[in-house]
Each structure stands twice: as structure tokens, then as C-alpha cells.
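Fold and geometry: a report
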Amino acid sequence: MTALPPKSDVKLGLVIDLDTCVGCHACVISCKGWNTENYGAPLSDQDAYGENPSGTFLNRVHSYEVQPEQGTAQTIHFPKSCLHCEDAPCVTVCPTGASYKRAEDGIVLVNEDACIGCGLCAWACPYGARELDKAAGVMKKCTLCVDRIYNENLPEEDREPACVRTCPSGARHFGDLGDANSDVSKLVQERGGIDLMPELGTKPVNKYLPPRPKDTGNEIDILAPLLAPIATETSGFLGWLDRTLERI
Amino acid sequence: MHPAPSVILFSVLSGLGFGMLAWLGIGKPPVTGMSAFIFFFVAYALSVGGLLSATFHLGNPKNSLKAFSQWQTSWLSREGCCAIAALTVMGIYAAGAIFLETHWALLGAIGSILSIGTVFTTSMIYAQLKTVPRWNHWTTPLLFVALSTFGGALMTGQVTVAMYGFVAVGLIQLVAWLTSDNRFTKRGSTLETATGLGNIGKVRMFEPPHTGTNYLLKEMVYVIGRKHAVKLRVIAMLLMVVIPVLMIAMGAGHDIKAVIAVLSHLVGVFASRWLFFAEAEHVVGLYYGKRG
């Protein structure tokens, strides 16, 4: 059923650190790699080596420039995938029951065997987290790597989403945001994690950690005195050498 | 939003078809026999033809039957259920009118309500979306239902009702346009709320996530339509409302004036519906720096 399940205590999700993300797009590639070979229809590309390539991705990295009122602008890389919202509008609009939220862990999934490819769930999502695959004609979205996180055939360290596993800067964290004592919940608490577009009432599970405050560029370094300009007038042996060479 | 021709065709034609069925169901006009056959044939051609064209919009139509299952939560599913119920009930009523020359009044009234209900459920598919502020308003269902009701009145020869109805349609359309223009801004979603970076300062897109296009941009970040929006609004209003009202006022009956009224109205509704999609801005465009 596409009715939302009763509130679950377990809320699996991601915490993304905008301070440490370097915008390398490794998460985008590992996501596409894992999800094109595993759960559901592959993530197709159209005209991949031609003039106008496009394709289906479940995770994309935007880059933004933020200009504070004073000081220099900051570049912030911004990975975006499904936020596994508590009040997921994409679930209730689905006419076939293909789009659903799991009661046991809150993951939002698409049952591709029931999807008619009407695209209404993608319209209902504010975040652009769902893409209709052009080749398969069914809706694709982040599964939170449901086929990795519970997969006992994988070594334990690999039982987390592919994007988290691959991130070289440790900007992505996976865990239970319903448990106030989990590492991810503590991280959100410490760093003041935020929701995207809270005004739309979707209650995203995934949180974003805002960049830490940057220095303003006006502060004087403690080593500054050692960097004072050397005397412009030379004296002694080097002074004599300088003057002599100048005359030649 | 991308103005998909199949969806525009569907919503305009089936709206008109269900509007006709709504009037035929309450015995206006009280046709029987061959003339009933012609009226019902046109109404079914429009409504069923529209529904079929909508299936061309689907990526994976083989699972369509499942779309009747989620009526408790989904307006799209409710639309499917309502449409099938309306077409079935009105089919039985039409058989009575055509072959037995009788009007089963109660059945017809139920069919009428279901027909208008179908148009209402269609409109709610759009009106429910908080992500498209321009649609997320009571004027959306009102306009869809009014267009269907009074378009149906014109098609079934209820010209006086149609004339006053079109004036109402014109006013509703005007209110819908005027109140929707700044609704996106008023709802308050910005690139700052979308990224949560507003505390630091003003955000602008530095680099998109990919060099090419994607499904989201094609489907929800359609920006071509707005260039000529004002001109198209005037054209839509003239064709949809002004010309048909003038034709009826000049005494349109079974003549060329009636044909002009119908064709003009139809083309006008197409223009209005095209604008309904082309002008609608989805909040996801914020992430691509395409809004505001």
C-alpha cells in the first residue's frame, strides 16, 4: 500500500558533511556502479559517448558558491540523493503501490514490478531524488543500498551504502537517525545538522552538516612577526659584495 | 513543467467528454434513439480517446491495471477508478436511452456526478503538489471542473448555460493567473532553504552536477514557455471565452456560429492547458539555479 507506514523507531539514513566534501564525485560513480549491477533495472545512459550524453543517476553532486555579507565567497560541494523522508510525498501519490516506505527501517523503495512509469512521484519530490529510467521506463531512486547493508555475503565493513564506503574524505555517514545515541545522531547534534526545504513539511531523515565557520582573512597569524620584511639597506660583507657586483 | 502533448490532449479532450456525459446524464438534452447514439458516441470518443492518449505518457504501461488499487491515498488512482465507474454507469444509461428509449434518472444522476468527479480527481493530481506552487491552489480544481461543465454544456447544445458559464470560466481563469504569478515566491522556497546554506550568505549555482541534461531538467525545469506567456494568455482568453460567448450571444444554434464557438473554445482550452504546464515552476529547479 502507498499509505505511509506507522512511524518506525528505526530511521536509517545518511548524514552528509558539507564541510569536508571535496566534490570529487566518487560517490556518484560508486552509486551508479553498484546500483546498475544489483537491485532492479540497470541505470541506463543515452548517447553516452556522443554529443549529448544523459543518463540515470541516484546521487548527484552540485556545487554552489555562497557569498557572506562580509569576507570572501565559499565554494560548497553538495551531494544530493533521496532523503528517505518521514512524510514522503512520493509514496502517497503512487497509483499502483509501487512506491513504498518500509515500516521496519524507513527506507523508501520502488517495486519496479508494479511501477507504470507515470512519473508522478518524481513530480511530488521537492529534491529531484527520483529519475525515470529512459530504457527501462520505471522509476529509479536511492535504495540506501538495501542490498548491501543487510547482505551477509559481504565482509562487515562493506555493509554500508556504496557512496559512504567509497567517500575518500569521510564526508558521508550512514546510521540510524531514530536512535538518539547512534554515532550519526550525535554528529547531527554536535554539528547542528539541518533539513533541506523544511518549509515543505517532508521531514527528511537524511541530514546535512553545515560548513564550519571559516576564518575571515583579517586575522594576523602568530608567526607574522617572523615574516617582517628584512632590512632594505645591506651592510657588512654581503653589502660590499652587492655594491661591488652592482658596479661591474 | 514539461507540457507533454499526450497529457494536454488527454486532460482537454476527456474533460470535455466527461462534461458532455454529465449533462446527458441529467437528460439535457433528453435524447433517445439515433440522436442519443450520436451524442454518446462523441462523448465517449472524447473521454475514452483522452484516457487512451494519457497512457502514451507512461513509461511502463503493462502494469496499468495496478493503478486502480491505491484509491485510498493516490489522486491518480482515484481518477482511474472514477473514470471507469463513470464510463460504466453512463454506458448502461446510454444503452437505455439508445435502445429502450428510456432515461433511468437515478442512474444518469449518479453517472453525472461520477463524470464531474473524474474531472475533479484529474485536477487534484496537480493541485495536491506542494512542489509546484502555481498548481497547489483551489483555483486548479475549480477551473478544471468549470471548463469541463460548461464546455460540456456547449457540446450538448445548452447554449445559454454555456454562455453564462464561459463568463464564469473567464473570471476563474483570470483569478487563477493573477494569483499564481507570485505564489512561488510567496511560498518561500529559495536556493537558500533548498541547500540550507542561507545562514552563511547568498547562494548561487557554481557548477551543475553534470555537463549534459537529465530527466529532472527535461521533465520539471521547462523554461521555454514563459517568453510568450502574456500573449498566449490573451489568445487563450479570446478563443476559450470571448469568441464562444459572442457567437452564442449572436444566436448560435445549428449553424456555422456554433461550429466556430466549439472549435474556438477547444483551441482556447488547449492554449490555456499548455500554459498551465509550461508556466508551472517546480521547486527542484532551485537546485539547478533555474528559479528566481
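Keep in mind that this is a model prediction, so the values were computed, not measured.

1. Considerations on the sheet that holds strand β5 (residues 74-81) of chain A
Across the sheet, which stays open at both edges, the three strands sit in the order β5(A)-β4(A)-β1(B) with antiparallel pairing between neighbours. Taken across any chain shown, the strands that pair with only one partner, and hence form the sheet edges, are β5 of chain A together with β1 (202-207) of chain B. With direction set aside, neighbouring strand axes in the sheet form an average angle of 40°. Pairing of strand β4 (residues 59-67) of chain A with β5 of chain A, which is carried by eight bridges, proceeds in the antiparallel orientation.

2. Examining unusual backbone geometry
Cis geometry marks the peptide bond from lysine 28 of chain B to proline 29 of chain B, where omega comes out at -5°. Relative to the helices and strands, proline 29 of chain B is located in the loop between α1 (5-25) and α2 (33-55). Backbone geometry places histidine 84 of chain A, a non-glycine residue, at a positive phi of 45°. Mapping histidine 84 of chain A onto the fold places it in the loop between β5 and α2 (89-92). A positive phi angle, close to 55°, is found at leucine 144 of chain A, a residue other than glycine. Within the secondary structure, leucine 144 of chain A sits in the loop between β9 (139-140) and α4 (146-149).

3. Here we look at the side chain of arginine 134 of chain B
Residue and element names in this part refer to chain B. Topologically, arginine 134 is positioned in the loop between α4 (105-127) and α5 (139-155). Looking at arginine 134, its side chain comes within polar contact range of the side chain of serine 180, at 3.0 Å. For arginine 134, the residues in contact, after removing those within four places along its chain, are Thr140, Ser180, Asp181, Arg183, Arg233, Glu279, Ala280 and Glu281.

4. Overview of the interface of chain A and chain B
Listed as interface residues are 58 residues of chain A and, on the opposing side, 60 residues of chain B. Summed over both partners, the interface of chain A with chain B comes to about 4600 Å²; 61% of that surface belongs to carbon and sulfur atoms. Area buried by chain A at its contact with chain B is led by Tyr64, Ile116 and Trp123 of chain A, which between them contribute 17% of it. As a salt-bridge pair, arginine 204 of chain B and glutamate 65 of chain A come within 2.8 Å of each other at their nearest N and O atoms. For the pair chain A and chain B, the interface holds 22 residue pairs in polar contact (both at pLDDT 80 or more). Looking at the side of chain A that touches chain B, the elements with two or more residues in it are β4, β5, α3 (120-124) and β8 (131-132) of chain A. The residue makeup of the side of chain A that touches chain B, split by class, is 33 nonpolar, 15 polar and ten charged.

Thresholds, definitions, all that
Within each chain, residues carry numbers counting from 1 in the order of the written sequence. Chain A is the first chain written and ligand 1 is the first ligand written, with later ones labelled in order. In keeping with the predicted nature of the model, local features appear solely for residues at pLDDT of at least 70, side-chain atom pairs appear and are counted solely at 80 or more, and the whole-chain, interface and lining totals rest on all residues. Heavy atoms throughout the structure, all of them, feed into the side-chain values; hydrogens and water do not. Criterion used throughout: strands pair if DSSP finds at least two bridges between them. Think of it this way: any DSSP run of H or I at least four residues long counts as a helix, any run of E at least two long counts as a strand, and we number them from the N terminus. Convention adopted: a line fitted to C-alpha atoms gives each axis, helices being fitted over their contacting stretch, and angles between N-to-C directions are expressed from 0 to 180 degrees. Polar contact criterion, stated in full: a pair of N or O atoms within 3.5 Å, where within protein one must be able to donate a hydrogen and the other to accept it, and residues adjacent in sequence count only if both atoms are side-chain atoms. What makes two residues a contact is simply this: any of their non-hydrogen atoms within 4.5 Å. Put simply, buried area is how much 1.4 Å-probe accessible surface two parts lose in total, over both of them, once they are put together. For this analysis, a salt bridge means a side-chain nitrogen from Lys or Arg found within 4 Å of a carboxyl oxygen belonging to Asp or Glu. When residues are sorted by character, Ala, Val, Leu, Ile, Met, Phe, Trp, Tyr, Cys and Pro go into the nonpolar class, Asp, Glu, Lys and Arg into the charged class, and all the rest, Gly among them, into the polar class.

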